[in-house]
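Architecture and fold: a report
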Amino acid sequence: MITDTRGIVLRQVKTIGGRRMISLFTEQYGKIGAGVTVSERGKSRNAAAMSPFAYGNYELYISHGRFHLNKGQVIKNFYRIGADVDRYMAAAYGLELCDKLLEEEVPAKDLFELTVEFLSTMEERKSRYGTILLAYKIKLLACLGALPVLDRCACCGKPGKHLMFSIPEGGLVCEDCLAGMAQDGTDALLYKVDFVILDILDHILKNALSSLQKAALDEGLESQINTIIDRFITYHLDPGDLKAGSVRIEQTEV
Ligand SMILES: [Zn+2]
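Numbering of residues starts from 1 in each chain and follows the order in which that chain's sequence is written. The model is predicted, so local features are restricted to residues of pLDDT at least 70 and side-chain atom pairs to those at 80 or more, both for listing and for counting; the totals for chains, interfaces and linings are taken over all residues. Side-chain numbers come from the whole structure's heavy atoms, not from hydrogens or water.

Examining the domain arrangement of the chain
A common measure of how large an interface is: the accessible area buried when the components associate. Domain boundaries in the chain define domain 1 (2-76) and domain 2 (79-254). Boundary definitions for the domains trace back to an automatic or database domain assignment. A separation of 29 Å is found between the C-alpha centroids of domain 1 and domain 2. Contacts are assigned to residue pairs that have any heavy atoms within 4.5 Å of one another. Taken together, the 20 residues of domain 1 in the interface contact 23 residues of domain 2. Summed over both partners, the accessible area (1.4 Å probe) lost when two parts come together is defined as the buried area. Around 1,800 Å² of area is buried between domain 1 and domain 2 when both sides are counted, 66% of it from carbon and sulfur atoms. In what follows, salt bridge is the name for a side-chain nitrogen of Lys or Arg lying within 4 Å of a carboxyl oxygen of Asp or Glu. Applying the counting criterion to the domain 1 and domain 2 interface returns 4 salt bridges. Between Asp-99 and Lys-31 there is a salt bridge, with its nearest N and O atoms 3.2 Å apart. Residues adjacent in sequence count toward polar contacts only when both atoms are side-chain atoms; beyond that, a polar contact is any pair of N or O atoms within 3.5 Å, and within protein one must be able to donate a hydrogen and the other to accept it. Inspection of the domain 1/domain 2 interface yields 6 residue pairs in polar contact (both at pLDDT 80 or more). Numbered from the N terminus, helices here are DSSP runs of H or I no shorter than four residues, and strands are runs of E no shorter than two. Secondary structure elements with two or more residues in the side of domain 1 that touches domain 2: β1 (2-14), β2 (20-26), β3 (30-36) and β5 (66-76). No other element matches β1, which puts 6 residues into the side of domain 1 that touches domain 2. Of the residues belonging to the side of domain 1 that touches domain 2, the class tally is 9 nonpolar, 6 polar and 5 charged. All residues other than Ala, Val, Leu, Ile, Met, Phe, Trp, Tyr, Cys, Pro, Asp, Glu, Lys and Arg, Gly among them, are scored as polar; the first ten of these are nonpolar and the last four charged.

Take a look at the structure:
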């Protein structure tokens, strides 16, 4: 069967024998691994559509449950993301996280649209890329149905905006449960939050990523929220080591 779908290239994988595979986040099928069957002649024509960050229309040939990529045509290649190392790093981190958290072949249309929006917003952004990356991470959790509990106690369900965040419990915890934890002497991985932080999270969740284009968070608050969200993701979703987070990636030619 031959089919067309929009897609975002997450990464290229070289397999044994030099055959190329592409990890492609498709609108229709979710994340797939597709062997590249582009002919020698078609290679240069399709090269732009096969490189990471590329967003395009892809023709897939599906046979015996395997995907083969026949050709691709770029809708947008977000080439300006690569013009600034910090911007590139932040975008690469977001894409890698998305790659790690996506299950193979499970459609995730909301996350697909969010990721296109993330790359577009990042491309237009002039500085403070961390704010957009943080907002993307939070919205990504929402798309995956894995948001922390923010409107009640994650332990007992008591409604309200509680001001302690427990990583293992997966969200805010009330004072009663907190007292219980202190008695148990459990290492609760607790973080103090305040109404400003809760308002920021609320704002990010209620507004489109692109509407945050000109927003920059206070750096101290941004780093506090980042720590909580990163710990939460590591604890509950185990994305493994993210290369883009620790290693300076060499810029690809654009
Ligand atoms: Zn409670």
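Remarks on the pairing of strand β4 (residues 55-63)
With 7 of 9 residues buried, β4 is to be regarded as a mostly interior element. Only strands joined by at least two bridges in the DSSP assignment are considered to pair. In terms of strand pairing, β1 meets β4 through 7 bridges, oriented antiparallel. Looking across to β4, one finds that Thr-5 is bridged to Tyr-58. In terms of strand pairing, β4 meets β5 through 9 bridges, oriented antiparallel. Paired with Glu-59 across the strands is Lys-71, a residue of β5. Two successive antiparallel strands, β4 and β5, enclose a turn made up of 2 residues, where His-64 displays a positive phi of approximately 50°. In this scheme, a residue with accessible area under 20% of its type's maximum is buried, one over 50% is exposed, and one in between is partly exposed, where area comes from a 1.4 Å probe on protein chains only.

Regarding the environment of Ala-135
With respect to the secondary-structure elements, Ala-135 resides in helix α4 (residues 129-143). With relative accessibility at 0%, the residue Ala-135 sits in the buried group. Taking C-alpha positions, Ala-135 is 11 Å from Thr-121, a pair spaced 14 residues apart along the chain. Here Ala-135 is in contact with Ile-204, Leu-209 and Leu-212, once residues within four sequence places are set aside.

Things to note about the coordination of the zinc ion
In the first shell of the zinc ion, the protein supplies Cys-153 (SG), Cys-156 (SG), Cys-174 (SG) and Cys-177 (SG), at 2.3 Å from the metal. A donor here means any N, O or S atom no more than 2.8 Å from the metal (3.2 Å for Na, K and Ca); water is not included, so a site may seem to lack partners. For a four-donor site, all angles between 85 and 135 degrees give tetrahedral; for four or six donors, opposite pairs above 155 degrees with the remaining angles between 65 and 115 give square planar or octahedral; all remaining cases count as irregular. Each of the 4 donor atoms bound to the zinc ion contributes to angles spanning 106 to 114°, and the resulting shape is tetrahedral. Written as a sequence motif, the donor residues of the zinc ion are C-x2-C-x17-C-x2-C. By relative accessible area, which is 1% here, Cys-174 ends up buried.

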